[in-house]
Amino acid sequence: MAAAEAVGAAVAQAPSWRGGFGRLWTAAVVSRFGDSLRTAALPLLAASLTSDPLKVSLVTAVGFLPWLLFGLLGGAVADRVDQRRAMWAVDLVRGALVAAFAAAVALGQASLALLVALAFALTSLQTLFDNAATALLPSLVPKSALGRANARLMTGQQLAGGFLAAPLVPLLLAAGPAVPYAADAATYVLAAALVASLRAGAPDRPARPPGSTLRGETAEGLRALWRDRVLRGLCTATTLCNMGVGALIATLVLHVTGWLHAGHAGYAAAIAAYGAGAVAGGSLTHRLARRLGRPRSVLLAGAVQTGCLAAIGGIRELWVTVAAMAVFGAMGMVWNVNQVTLMQERTPREMLGRTSAAFRTLAVAGAPLGAVLGGATAGAWGLNTPALLASGLFLAAVGALIPALTS
């Protein structure tokens, strides 16, 4: 009982909207809103430029590549610089790039090569921004409030991206094909202004040893991740889960329209249920962490998601898929919030950028591999098999977590 009370006290504090967290939250939500406008409009633009499915898919595939190429480097740079300045500078550059792209679309000069180049450039800059943001948050809220701060950040972003931006895209496109991109550029500038107004100074860091290089510092981040039993197990499990999510998402439209024969309305219902579940999961996260602690909350989330995926792949009813997607989204939020918070709690601040970069880079690699496996299994054994494959991968992830989180 005393241990449970200690866990509850450790996660009970709520972050204050003052002191910078409110501005960081607003910047994150505004930026996600703009990103969602762009990412919803880009595939439509790509499809208008070419009818080749492989070429259209390149726009999405290129979004993963910079994480594999520059993710570790972005973390090392984030640990060297003032994270606040890095974030607003990156947002200004991204705003300029998207504004230039909006001008090209307005002038009828957009091409598939330009879309691919934009996706690559924006994600390359994101490798620095995301790692800097992870490292900055502990300087704005107390350690005991990190969990609720992460939950509020992710829930706000889900609301902005999944519920506010998506319905606006057709209206903005009706006003002009360049309007969604111009709006995205404006959100980057606003987010940069909000982050620049934060009072968080450059963190205190020990002096780098003579001859220290970015390559050596990147290796330190990988070693720090490997040495921490909990983070190592969590990274392995998250990589397996991302493979499962990649397999599911890449084939979900075929699963719903082909295997369930539910049409586009059924697919929209499944996607909406996932988004609603993720928002609900933001409030559930704190309650579970308070009762179970963060490690066991992650274990529970993975176990429940395994069952959801088995139901999606094994029961040929639309209502089952919609309900399972809602629960799957809620437990995904529980997993993500606790995963990021555990990393922030267990990693020294001067190593946080590099450790988070190592974690993200390894985990992101699972998604494209899972998408390929999902497509292959769907073609070989049926449209419901990617969900069953994903269930097996999540089960393996839970197995990898048990010795790391319960011993």
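**What to know about helix α5 (residues 83-106)**
1) Next: For α5, with 24 residues, the first-to-last C-alpha span of 34 Å sits near the 34 Å given by 1.5 Å per residue.
2) Next: The residue sitting at the N-terminus of α5 and contributing the capping side-chain oxygen is Asp 82; that oxygen lies 3.0 Å from the backbone nitrogen of Arg 84.
3) Next: Gly 108 occupies a position one or two residues after α5 and carries a positive phi of about 75°.

**A few points about helix α14 (residues 352-364)**
1) Next: Between its first and last C-alpha atoms α14 spans 18 Å; for 13 residues at 1.5 Å apiece the expected length is 18 Å, and the two agree.
2) Next: Within α14, 11 of the 13 residues are buried, which leaves the element mostly enclosed by the surrounding structure.
3) Next: For α14, the full list of buried residues reads Leu 352, Gly 353, Arg 354, Thr 355, Ser 356, Ala 357, Ala 358, Phe 359, Thr 361, Ala 363 and Val 364.
4) Next: Of the surrounding elements, those touching the buried residues of α14 are α4 (65-80), α6 (112-136), α9 (214-227), α10 (229-259), α13 (318-346) and α15 (366-381).

**Brief notes about the pattern of salt bridges**
Where charged atoms of side chains with opposite charge meet at close range, the side chains can pair.
1) Next: The full count for this structure, using the stated rule, is eight salt bridges.
2) Next: A salt bridge links Arg 85 to Asp 82; its shortest N-O distance comes to 3.8 Å.
3) Next: Judged by its relative accessible area of 15%, Asp 82 falls in the buried class.
4) Next: The structure contains a network of salt bridges with shared partners spanning Asp 35, Arg 38 and Asp 184.

**Focus: the environment of Ala 237**
1) Next: Relative to the assigned elements, Ala 237 resides in helix α10.
2) Next: Since its relative accessible area comes to 0%, Ala 237 is described here as buried.
3) Next: Placed 164 residues apart in sequence, Ala 237 and Leu 401 show a C-alpha to C-alpha distance of 6.3 Å.
4) Next: Excluding residues within four positions of it along the chain, Ala 237 makes contact with Trp 335, Ala 397 and Leu 401.

**Structural notes on the environment of Ser 111**
1) Next: Among the secondary structure elements, Ser 111 is positioned in the loop between α5 and α6.
2) Next: Here the alpha-carbon distance between Ser 111 and Thr 50, two residues 61 residues apart in the chain, equals 9.4 Å.

**Considerations on the environment of Ala 117**
1) Next: By the element assignment, Ala 117 lies in helix α6.
2) Next: Given a relative accessible area of 43%, Ala 117 falls into the partly exposed group.
3) Next: Considered as a pair, Ala 117 and Gly 63 are 54 residues apart in the sequence and their alpha carbons are 10.0 Å apart.

**A closer look at unusual backbone geometry**
1) Next: Phi at His 261 takes a positive value of approximately 55°, unusual for a residue other than glycine.
2) Next: Within the fold, His 261 resides in the loop between α10 and α11 (263-292).
3) Next: For His 261, a relative accessible area of 61% corresponds to the exposed category.

**Describing a nonpolar patch on the surface**
1) Next: On the surface, a nonpolar cluster with roughly 260 Å² of combined accessible area is contributed by Leu 65, Leu 68 and Leu 69.
2) Next: Turning to its location among the elements, Leu 68 is positioned in helix α4.
3) Next: A relative accessible area of 41% places Leu 68 in the partly exposed class.

**Quick word on the confidence of the model for the protein chain**
1) Next: Overall, the predicted model of the protein chain reaches an average pLDDT of 86, with 90% of residues at or above 70.
2) Next: With pLDDT under 50 throughout, residues 1-12 is counted as low confidence; its partners more than four residues away or in other chains account for 16 contacts.

**A word on the side chain of Gln 339**
1) Next: Secondary-structure assignment places Gln 339 in helix α13.
2) Next: According to the relative accessible area criterion, Gln 339 is buried, its value standing at 11%.
3) Next: For Gln 339, the contacting residues outside a window of four places in its chain are Leu 234, Thr 238 and Phe 359.

**Observations regarding the packing of aromatic side chains**
1) Next: Counting across every chain of the model gives four aromatic pairs.
2) Next: Ring centres of Phe 101 and Tyr 181 lie 5.0 Å apart, and the angle between their planes is 90°; on these two criteria the pair is classed as edge-to-face. A residue pair is termed long-range when its members are at least 10 positions apart, and Phe 101 in helix α5 and Tyr 181 in helix α8 (residues 179-196) qualify at 80 residues.
3) Next: Here Phe 101 falls in the buried class, since its relative accessible area comes to 3%.
4) Next: An aromatic cluster is built from Tyr 274, Phe 328 and Phe 394, whose rings are joined through pairwise contacts.
5) Next: Just above the ring of Trp 226 sits the side chain of Arg 232; from NZ or CZ to the centre is 4.8 Å.

**Notes on the side chain of Asp 35**
1) Next: Following the sequence through the fold, Asp 35 ends up in helix α2 (residues 21-49).
2) Next: Of note is the side chain of Asp 35, whose polar atom sits 3.0 Å from the side chain of Arg 38.
3) Next: Setting aside chain neighbours within four positions, we find Asp 35 in contact with Asp 184 and Tyr 188.

**Concerning the nonpolar core**
1) Next: The biggest cluster of nonpolar side chains holds 41 residues, and the ones touching the most others in it are Leu 234, Leu 248, Val 298, Met 325, Trp 335, Phe 359 and Leu 401.
2) Next: Of all the secondary structure elements, the ones that give two or more residues to this core are α10, α11, α12 (294-314), α13, α14 and α16 (385-406).
3) Next: Element by element, the count of residues in this core is highest for α10, at 10 residues.
4) Next: Non-local contacts of Met 325, meaning those with residues more than four positions away in its chain, are made with Leu 248, Leu 252, Ala 270, Ala 273, Tyr 274 and Ile 312.
5) Next: With 23 residues, the next largest nonpolar core counts Leu 24, Met 87, Phe 129 and Leu 153 among its residues.

Conventions adopted
Residues numbered from 1 in each chain as written. Predicted model: local features only at pLDDT ≥ 70, side-chain atom pairs only at ≥ 80, totals over all residues. Heavy atoms only, no water. Helix = DSSP H or I, 4+ residues; strand = E, 2+ residues; numbered from the N terminus. Expected span 1.5 Å × (residues − 1). Polar contact = N/O pair within 3.5 Å; in protein donor to acceptor, adjacent residues only side chain to side chain. Buried < 20%, exposed > 50% of the residue type's maximum accessible area, 1.4 Å probe, protein only. Contact = heavy atoms within 4.5 Å. Salt bridge = Lys/Arg side-chain N within 4 Å of Asp/Glu carboxyl O. Patch = residues over 30% accessible without salt bridge, like charges linked within 9 Å, V, L, I, M, F, W, Y side chains within 5 Å. Areas by Shrake-Rupley, 256 points an atom, 1.4 Å probe, with all protein chains shown as cover. pLDDT = per-residue confidence, 0-100. Phe/Tyr/Trp six-rings, centres within 6.5 Å; stacked < 30°, edge-to-face > 60°. Lys NZ or Arg CZ within 6 Å of the ring centre and 35° of its normal. Core = buried A, V, L, I, M, F, W, Y, C linked by side-chain atoms within 4.5 Å.

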